[in-house]
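Close look at the chain arrangement
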Amino acid sequence: MYIGIDLGGTKTESIILDENGKEIERLRKDTPQNYNGTLDTLCGLVNYLEDKYQKKCTVGVGTPGALSKETNCIKGGNSTWLNGRPLKNDIELRLNRKIILENDANCFALSEAYDGAGSKHNIVFGVIIGTGVGGGLIINKKIINGFNNITGEWGHNQMPFGSNDKWNRHDCYCGKKGCIETFLSGPGFSKHYSDTHNVKLDAKTIQKNANEGDEKALEFIFEYLDYLARGLSQVINIIDPGAIVLGGGVSNMKQIYENINPKLKKYVFSDTVNTEVVKNKFGDSSGVRGAADLGRQSI
Ligand SMILES: [Zn+2]
């Protein structure tokens, strides 16, 4: 059996899957906002599930950020109390075995490629667009990490210029200007709406207004789709996945699925673009399922 832990900033979720990937039990706890408390919670969940089911399981952990290849410590995570800490080693010491630890966007992508919305395809790119813009690449149901451990970080490429540019290029927290994330993330979407219409609304409200027939909001969503197509065209030109699975708040934007392919065709270097751009199958559970799938993919 396979245990997965999704270490979120506020909640730590755990799941146990049987040999066929069927969910047996899922538990949620608050994440203590400190390092030792986080270790206690995580290892407590593993011990509880193994005691209950009397099985020694594989353990996969999804976490914000990634392990630095230099220091073996967590880097770049928004749960700041994990940064600079040897999280994987410390969990292994406590559980007395090897575990598998991965970035949470990679876990999302793995879960959707394994038995989710991208399961028919050999090359799957999982995209998370919410507060930030991230992604993960799965080939033949295995995560591709890359030499620098940054595969899939398309959010910090520059947004390509277009002849129909209407939106400003804003500074990004990473130090560059005009990153894809500053256009496509929820906060980026909301900021550009405020630039255009001089009203501050969050991304969810703009989507809701569009769905209720607000023409300004709907027109803005179609502008957004053009930027989304430009960003994704860079991904397609390089890795040409069969499916791009969307997660995060943007995946609820229903206008994407019917309208994105003609827009992709404008920007991708091909006469046809049949890439499936699809909504995730497992919703919020993709992260924790993907963490458990780390054990399945390693066998
Ligand atoms: Zn950036």
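Residues numbered from 1 in each chain as written. Predicted model: local features only at pLDDT ≥ 70, side-chain atom pairs only at ≥ 80, totals over all residues. Heavy atoms only, no water.

Quick word on the overall build of the chain
Secondary structure assignment for the chain yields 9 helices and 12 strands. Burial statistics for the chain: of 299 residues in total, 54% are counted as buried. Taking contacts inside the chain between residues at least 6 apart in sequence as the whole, the part at least 24 apart equals 61%. Carbon and sulfur atoms form 49% of the exposed surface of the chain, whose accessible area is close to 14,000 Å². Separation between the mean location of the 36 positive side-chain charges and that of the 35 negative ones in the chain comes to 1 Å. (Helix = DSSP H or I, 4+ residues; strand = E, 2+ residues; numbered from the N terminus. Buried < 20%, exposed > 50% of the residue type's maximum accessible area, 1.4 Å probe, protein only. Contact = heavy atoms within 4.5 Å. Areas by Shrake-Rupley, 256 points an atom, 1.4 Å probe, with all protein chains shown as cover. Lys, Arg positive; Asp, Glu negative; His and termini not counted. Charge placed at Lys NZ, Arg CZ, Asp CG, Glu CD.)

A closer look at the confidence of the model for the chain
Looking at the chain as a whole, the pLDDT averages 94, with 99% of positions reaching at least 70. By mean pLDDT, the top-scoring element of the chain is strand 12 (residues 276-279) (98), and the lowest-scoring one is strand 5 (residues 66-67) (88). (pLDDT = per-residue confidence, 0-100.)

Digging into the domain arrangement of the chain
Domain boundaries in the chain define domain 1 (2-107 + 284-297) and domain 2 (120-280). Between domain 1 and domain 2, the C-alpha centre-to-centre distance is 28 Å. Domain 1 puts 9 residues into the contact, and the matching count from domain 2 is 14 residues. Both sides of the domain 1 and domain 2 interface together cover about 930 Å² of buried area, and 41% of this is carbon and sulfur. For the interface between domain 1 and domain 2, the tally reads 0 salt bridges. On the surface where domain 1 and domain 2 come into contact, there are 6 residue pairs in polar contact (both at pLDDT 80 or more). Per element, the largest residue contribution to the side of domain 1 that touches domain 2 is 3 residues, and it comes from helix 9 (residues 286-297). Tallied by class, residues from the side of domain 1 that touches domain 2 come to 3 nonpolar, 3 polar and 3 charged. (Domains from an automatic or database assignment. Buried area = accessible area lost by both parts, 1.4 Å probe. Salt bridge = Lys/Arg side-chain N within 4 Å of Asp/Glu carboxyl O. Polar contact = N/O pair within 3.5 Å; in protein donor to acceptor, adjacent residues only side chain to side chain. Nonpolar A, V, L, I, M, F, W, Y, C, P; charged D, E, K, R; others polar.)

Section: the pattern of salt bridges
Applying the stated criterion across every chain yields a total of 19 salt bridges. K266 is the partner of D226 in a salt bridge, and the nearest nitrogen-oxygen pair spans 2.8 Å. One end of the pair, D226, is in helix 7 (residues 215-239); the other, K266, is in helix 8 (residues 255-267), with 40 residues separating them in the sequence. D226 sits in the buried class, given a relative accessible area of 5%. A network of salt bridges, in which partner residues are shared, links E13, E23, R26 and R28.

Structural notes on the coordination of the zinc ion
Every protein donor of the zinc ion is listed here as H156 (ND1), C172 (SG), C174 (SG) and C179 (SG), and their distances to the metal cover 2.1 to 2.4 Å. Here the zinc ion binds 4 donor atoms, and the angle range of 105 to 119° at the metal identifies the geometry as tetrahedral. In the primary sequence, the donor residues of the zinc ion line up as H-x15-C-x1-C-x4-C. Taken as a pair, H156 in the loop between strand 10 (142-143) and helix 4 (180-184) and C179 in the loop between strand 10 and helix 4 lie far apart in primary sequence, 23 residues in all. Across the pair, exposure class does not vary: H156 and C179 are buried alike. (Donors = N, O, S within 2.8 Å, 3.2 Å for Na, K, Ca; no water. Tetrahedral: all angles 85-135°; square planar, octahedral: opposite > 155°, others 65-115°.)

Topic: the nonpolar core
Formed by 37 residues in total, the largest nonpolar core has its most connected members in W154, L184, Y224 and L228. Mapped onto this core, the elements with two or more residues apiece are strand 8 (123-129), strand 9 (133-139), helix 4, helix 5 (186-197), helix 6 (203-211), helix 7, strand 11 (243-247) and helix 8. Here this core gets 11 residues from one element, more than from any other, and that element is helix 7. Not counting chain neighbours up to four residues away, the residues in contact with L228 comprise I129, W154, L184, I256 and I260. One finds I16, L45, V59 and L82 within the second-largest nonpolar core, a separate group that totals 24 residues. (Core = buried A, V, L, I, M, F, W, Y, C linked by side-chain atoms within 4.5 Å.)

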